[in-house]
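Residues per chain, in single letters:
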Amino acid sequence: MSDDPALTPAQAAAGLGYPAGQVRRANARADAVLPARHVGPYLADVTTALHRAGWTTTPAMPDIQFPGDDGVVAALVLVGDQAPAPALVWDEQ
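Residues numbered from 1 in each chain as written. Predicted model: local features only at pLDDT ≥ 70, side-chain atom pairs only at ≥ 80, totals over all residues. Heavy atoms only, no water.

Hey, could you go over the overall build of the chain for me, with residue numbers and the actual values?
Counting secondary structure elements, the chain contains two helices and two strands. Tracing the chain from N to C terminus, the helices and strands come up as α-α-β-β. Considered along the principal axes of its C-alpha atoms, the chain spans approximately 55 × 25 × 15 Å. Out of the 93 residues in the chain, the part that is buried amounts to 27%. For the chain, the exposed area adds up to about 6300 Å²; of that, 55% sits on carbon and sulfur atoms. Side chains of the chain carry 5 positive and 10 negative charges; the gap between the two charge centres is 5 Å. (Helix = DSSP H or I, 4+ residues; strand = E, 2+ residues; numbered from the N terminus. Buried < 20%, exposed > 50% of the residue type's maximum accessible area, 1.4 Å probe, protein only. Areas by Shrake-Rupley, 256 points an atom, 1.4 Å probe, with all protein chains shown as cover. Lys, Arg positive; Asp, Glu negative; His and termini not counted. Charge placed at Lys NZ, Arg CZ, Asp CG, Glu CD.)

What follows is the structure, encoded as structure tokens:
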């Protein structure tokens, strides 16, 4: 799907030869991964801004996690006396 963005999750699963019983799971996973790839630049910008404000110790964007087939989350621990919260959590839902 990275090489051909027009490819749907179902087409990718069929092209990879997934058994029919696993196609639904593969589609759900792809439906979660694709939005995560699109949100990456946004999370990178947010992380950079928080780092410049002194609220993070690292300028690197947090790892995007996939706790389930349809979940997409990321968390960034904030530091400093002026941070508005202990952490910033992004959840696709």
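Go over the environment of histidine 38 with me, naming the residues and quoting the values.
With respect to the secondary-structure elements, histidine 38 resides in helix α2 (residues 20–52). Each C-alpha atom of the pair histidine 38 and alanine 10 lies 19 Å from the other, and the pair is 28 residues apart in sequence.

Tell me about the side chain of threonine 47, and please be specific about residues and values.
One can find threonine 47 in helix α2. Judged by relative accessible area, which is 1%, threonine 47 ranks as buried. Only 2.8 Å separates the side chain of threonine 47 from the backbone oxygen of leucine 43, close enough to count as a polar contact. (Polar contact = N/O pair within 3.5 Å; in protein donor to acceptor, adjacent residues only side chain to side chain.)

Would you mind going over the nonpolar core in detail, with residue names and values included?
Residues Ala32, Ala36, Val39, Leu43, Ile64, Val72, Ala74 and Trp90 constitute the largest nonpolar core, which totals eight residues. Ranked by residue count, the leading element in this core is α2, at four residues. Ignoring any residue separated from it by four or fewer positions in sequence, one finds valine 39 in contact with Ile64 and Trp90. Judged by nonpolar contacts, the second largest core, of five residues, contains Val46, Leu50, Leu78 and Ala83. (Core = buried A, V, L, I, M, F, W, Y, C linked by side-chain atoms within 4.5 Å. Contact = heavy atoms within 4.5 Å.)

An account of α2 is needed here, citing residue identities and associated values.
With 33 residues, α2 should cover 48 Å at 1.5 Å per step; its first-to-last C-alpha distance of 49 Å lies within 8% of that length. Of the residues making up α2, those classed as buried are Ala26, Asn27, Ala30, Ala32, Val33, Ala36, Val39, Gly40, Leu43, Val46, Thr47 and Leu50. Next to the buried residues of α2 lie α1 (9–15), β1 (73–77) and β2 (87–91). (Expected span 1.5 Å × (residues − 1).)

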